[in-house]
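# Overview (structure and organization)
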Amino acid sequence: MAATEKQQPILLSTGDGAAPEIITAQIAASQGIFMPGAPCYISTSGTVKLSDTSDGSGDTHHGFIVGVEDKSTTWPLTAELSANDKVRVQLIRAGDRYVAYLEDNDSDSAATQSDVGNQYGVRVATGAGKIGYMTVDANNSNGAVLVRDIYSNLDPETETTSTSPGRVVVEFLPSVIDATRA
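All values derive from a computational prediction rather than experimental measurement. (Residues numbered from 1 in each chain as written. Predicted model: local features only at pLDDT ≥ 70, side-chain atom pairs only at ≥ 80, totals over all residues. Heavy atoms only, no water.)

This next bit is on the overall build of the protein chain. The number of helices and strands found in the protein chain is two helices and 11 strands. When the helices and strands of the protein chain are read in sequence order from the N terminus, they spell out β-β-β-β-β-β-β-β-β-β-α-β-α. The globule rule puts the C-alpha radius of gyration for 182 residues at 16 Å, and the 16 Å found for the protein chain is close to it. Projected onto the principal axes, the alpha-carbon positions of the protein chain cover approximately 45 × 35 × 30 Å. Here the contacts in the protein chain between residues at least 6 apart in sequence split such that 68% fall between residues at least 24 apart. With an accessible surface of roughly 8,400 Å², the protein chain has 46% of that area assigned to carbon and sulfur atoms. Put simply, the protein chain has 12 plus and 23 minus side-chain charges, and the middle of one group is 5 Å from the middle of the other. (Helix = DSSP H or I, 4+ residues; strand = E, 2+ residues; numbered from the N terminus. Rg over C-alpha atoms; globule rule 2.2 N^0.38 Å. Contact = heavy atoms within 4.5 Å. Areas by Shrake-Rupley, 256 points an atom, 1.4 Å probe, with all protein chains shown as cover. Lys, Arg positive; Asp, Glu negative; His and termini not counted. Charge placed at Lys NZ, Arg CZ, Asp CG, Glu CD.)

So this is what it looks like as structure tokens:
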């Protein structure tokens, strides 16, 4: 069963209290029609490419695509962008915390206290209508994020450790933020 919640990680807090930097960069070709907030990286050639599911090889997350520069372009996207179209990217920094849905090998998963302190990989969806949706995968040991807390500890009135899918509070590991990728 595929994970049912399709929502991007949401910024909870920043390590230094300052808003994350948003930059403008050119999109690389053939990225598909991706969802707002899709995780991305800036390639060595300076173009923005969508990040992929953690696999232990080239896992890189520099930011999230939060808009387009051309205000005449529909947002959210209804068509694939062309190479060199400009997008707005909210950069990820060490210490920034995000709330993200938890899954276990593409199935919804409750978040429990035992998840805190674990490093998990992320799953980035690639199917039509969900390209770029990102969840934290408790069954992926290719660490991209560190679980700092579970959301039910922050808001026990709306979520419990039985809520499925549960949400976790994560920080991206410096190794995936600082990584370069072709």
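So much for the structure itself; the text now carries on.
This paragraph deals with unusual backbone geometry. Negative phi values dominate among residues other than glycine, just as trans dominates among peptide bonds. Residue proline 76 is bonded to the preceding tryptophan 75 through a cis peptide linkage, with omega at 5 degrees. Tracing the backbone shows proline 76 in the loop between strand 5 (63–68) and strand 6 (86–91). In this chain, serine 164 is followed by proline 165 through a cis amide linkage whose omega measures 5 degrees. Within the element layout of this structure, proline 165 appears in the loop between helix 1 (151–154) and strand 11 (167–172). The residue asparagine 105 is not glycine, and still its phi comes out positive at about 55 degrees. Topologically, asparagine 105 is positioned in the loop between strand 7 (97–103) and strand 8 (119–124). Among the residues examined, asparagine 105 registers a relative accessible area of 46% and is labelled partly exposed. (Buried < 20%, exposed > 50% of the residue type's maximum accessible area, 1.4 Å probe, protein only.)

Time to look at the nonpolar core. Judged by nonpolar contacts, the single largest core of 20 residues is most densely connected at Val136, Val145, Val168, Val170 and Phe172. Counting residues per element, the ones that place at least two in this core are strand 7, strand 8, strand 9 (134–137), strand 10 (145–150), strand 11 and helix 2 (174–177). What valine 145 contacts, discounting residues up to four positions off in sequence, is Asn118, Gln119, Tyr120, Val122, Val136, Val170, Glu171, Phe172 and Leu173. Ala25, Ile65, Val68 and Leu77 belong to the second largest nonpolar core, which has 15 residues in total. (Core = buried A, V, L, I, M, F, W, Y, C linked by side-chain atoms within 4.5 Å.)

We now examine the sheet that holds strand 3 (residues 39–42). Ordered by their spatial adjacency, five strands build an open sheet running 2-6-5-3-4, and the pairing between neighbours is antiparallel. What marks the edges here is a single partner per strand, and that holds for strand 2 (22–26) and strand 4 (48–50). Taking the axes of each pair of neighbouring strands and ignoring which way they run, one obtains an average angle of 50 degrees across the sheet. Relative to strand 6, strand 5 is paired through five bridges, and the arrangement is antiparallel. (Pairing = 2+ DSSP bridges. Axes fitted to C-alpha atoms, helices over the stretch in contact; angles between N-to-C directions.)

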